[in-house]
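# Descriptive structure summary
The primary structure of each chain is shown beneath.
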Amino acid sequence: MSDPTEANGTAGSAEAAQPADEGGGPGRHVRVVLVDDHRMFRTGVQAEIGQTAQTGVEVVGEAADVDQAVTVITATRPEVVLLDVHLPGGGGVEVLRRCAPLMGDTEQPVRFLALSVSDAAEDVIGVIRGGARGYVTKTITGTDLVNSIFRVQEGDAVFSPRLAGFVLDAFASTDAPPVDEDLDRLTQREREVLRLIARGYAYKEIAKQLFISVKTVESHVSAVLRKLQLSNRHELTRWATARRLV
């Protein structure tokens, strides 16, 4: 992988990026760091939004894990960080924890927008409690992502429509969420695979969506079944449905 601190604002083809209807374009500019452990996904986002002359977005750095993210963000001081929730080294919440002083800078705050394949309530609530200004899923269009970046730069809170309810419900309640010891046994990646299996996705579809191999999906499923003491994907689906994880 290339040097994570290398600026990548001119990568990608002109055809790949679409001008923003609102937010981007001439006269507006935002410096962004991409944090995601899948290089192919970072490349795709870069191609989609990184044509600075058209979108106003300048990608000044990339990172694939928590340590890289903290290093790059500290070095480049972007205005907005696109942050994946599940990262090697502790996840997006750990990046937020270690970058708290930068978020609190009154003169040049670094703001975070979570961009994740996960739409699970606990993931959304976790990063928002950690200080992120918004949370959008990876199904978002390039134009909408550009608009979301500029809104976060301006201090707004931005969420994909169905995710806003999770945040409202969580902060309306003064009760701490119950601890699920079974669920806590699973890694973040195992939880992702669990949800997709429970939603009826085939192994190949899961591999494509998570940018991993089919063999890796199989390994995660085996680990989930073992940890939860389940026998097959049908039992797994019932288990996930009972906990409203689907």
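Right, let's walk through the structure included here. From a predicted model like this one, the values you see are computed outputs, not experimental measurements.

As a further point, take the pattern of salt bridges. Oppositely charged side chains can form a pair if their charged atoms are brought close together. Across all of its chains, the model carries twelve salt bridges by this definition. In this structure, Arg77 and Asp105 form a salt bridge, with 2.7 Å as the shortest nitrogen-oxygen distance. In this pair, Arg77 is assigned in the loop between helix H3 (66–76) and strand S3 (80–83) and Asp105 in the loop between helix H5 (100–103) and strand S4 (111–116), connecting sequence segments 28 residues apart. Relative accessible area serves as the criterion here: at 21%, Arg77 is assigned to the partly exposed category. Looking at Asp105, the relative accessible area reads 25%, which means it is partly exposed. Connected via shared salt-bridge partners are Asp36, Asp84 and Lys138.

In this section: the packing of aromatic side chains. All chains considered together, the criterion is met by one aromatic pair. Its guanidinium or amino end placed over the ring of Phe41, Lys138 lies 4.0 Å from that ring's centre, counting from NZ or CZ.

Look at helix H1 (residues 39–49) against helix H7 (residues 142–153): their axes get within 9 Å of each other, and the N-to-C directions meet at 85°. Relative to H7, the element H1 lies roughly perpendicular. In this structure, H1 uses Val45, Glu48 and Ile49 to contact H7, whose residues at the interface are Gly142, Leu145, Val146 and Ile149. Residue classes in the contact of H1 with H7 are distributed as five nonpolar, one polar and one charged.

With that out of the way, let us pick up the side chain of Arg189. Turning to its location among the elements, Arg189 is positioned in helix H10 (residues 188–198). For Arg189, a relative accessible area of 16% translates into the label buried. In this structure Arg189 touches Asp37, His38, Leu210 and His220, once residues within four positions along its chain are discounted.

Core analysis: the largest hydrophobic core is formed by 27 residues, its most contacted members being Val35, Ile73, Val81, Leu83, Val95, Phe112 and Val127. Those elements that provide at least two residues to this core are strand S1 (30–35), strand S2 (57–63), H3, S3, helix H4 (91–98), H5, S4 and helix H6 (121–130). Top contributing element to this core by residue count: H3, with five residues. If we skip the residues at most four places from it in the chain, Val127 touches Val85, Val93, Leu96, Ala114, Ala132 and Tyr135.

What follows deals with the sheet that holds strand S6 (residues 158–159). Reading across the sheet, the six strands line up as S2-S1-S3-S4-S5-S6 and stay open at both edges, with parallel pairing between neighbours. Whereas interior strands pair on both sides, the edge strands pair on one side only; in this sheet they are S2 and S6. In this structure, S1 lies alongside S3, joined through four bridges in parallel fashion. Opposite Val32, over in S3, you have Val80 as the bridge partner. Where H6 meets the sheet, its contacts fall on S4, strand S5 (134–137) and S6, and the angle it forms with S5 comes to roughly 145°. Packing of H7 onto the sheet brings it into contact with S1, S2, S3, S4, S5 and S6, and relative to S4 it is tilted by some 150°.

How each quantity is defined
Residues numbered from 1 in each chain as written. Predicted model: local features only at pLDDT ≥ 70, side-chain atom pairs only at ≥ 80, totals over all residues. Heavy atoms only, no water. Salt bridge = Lys/Arg side-chain N within 4 Å of Asp/Glu carboxyl O. Helix = DSSP H or I, 4+ residues; strand = E, 2+ residues; numbered from the N terminus. Buried < 20%, exposed > 50% of the residue type's maximum accessible area, 1.4 Å probe, protein only. Phe/Tyr/Trp six-rings, centres within 6.5 Å; stacked < 30°, edge-to-face > 60°. Lys NZ or Arg CZ within 6 Å of the ring centre and 35° of its normal. Axes fitted to C-alpha atoms, helices over the stretch in contact; angles between N-to-C directions. Parallel < 35°, antiparallel > 145°, perpendicular 65-115°, else oblique. Contact = heavy atoms within 4.5 Å. Nonpolar A, V, L, I, M, F, W, Y, C, P; charged D, E, K, R; others polar. Core = buried A, V, L, I, M, F, W, Y, C linked by side-chain atoms within 4.5 Å. Pairing = 2+ DSSP bridges.

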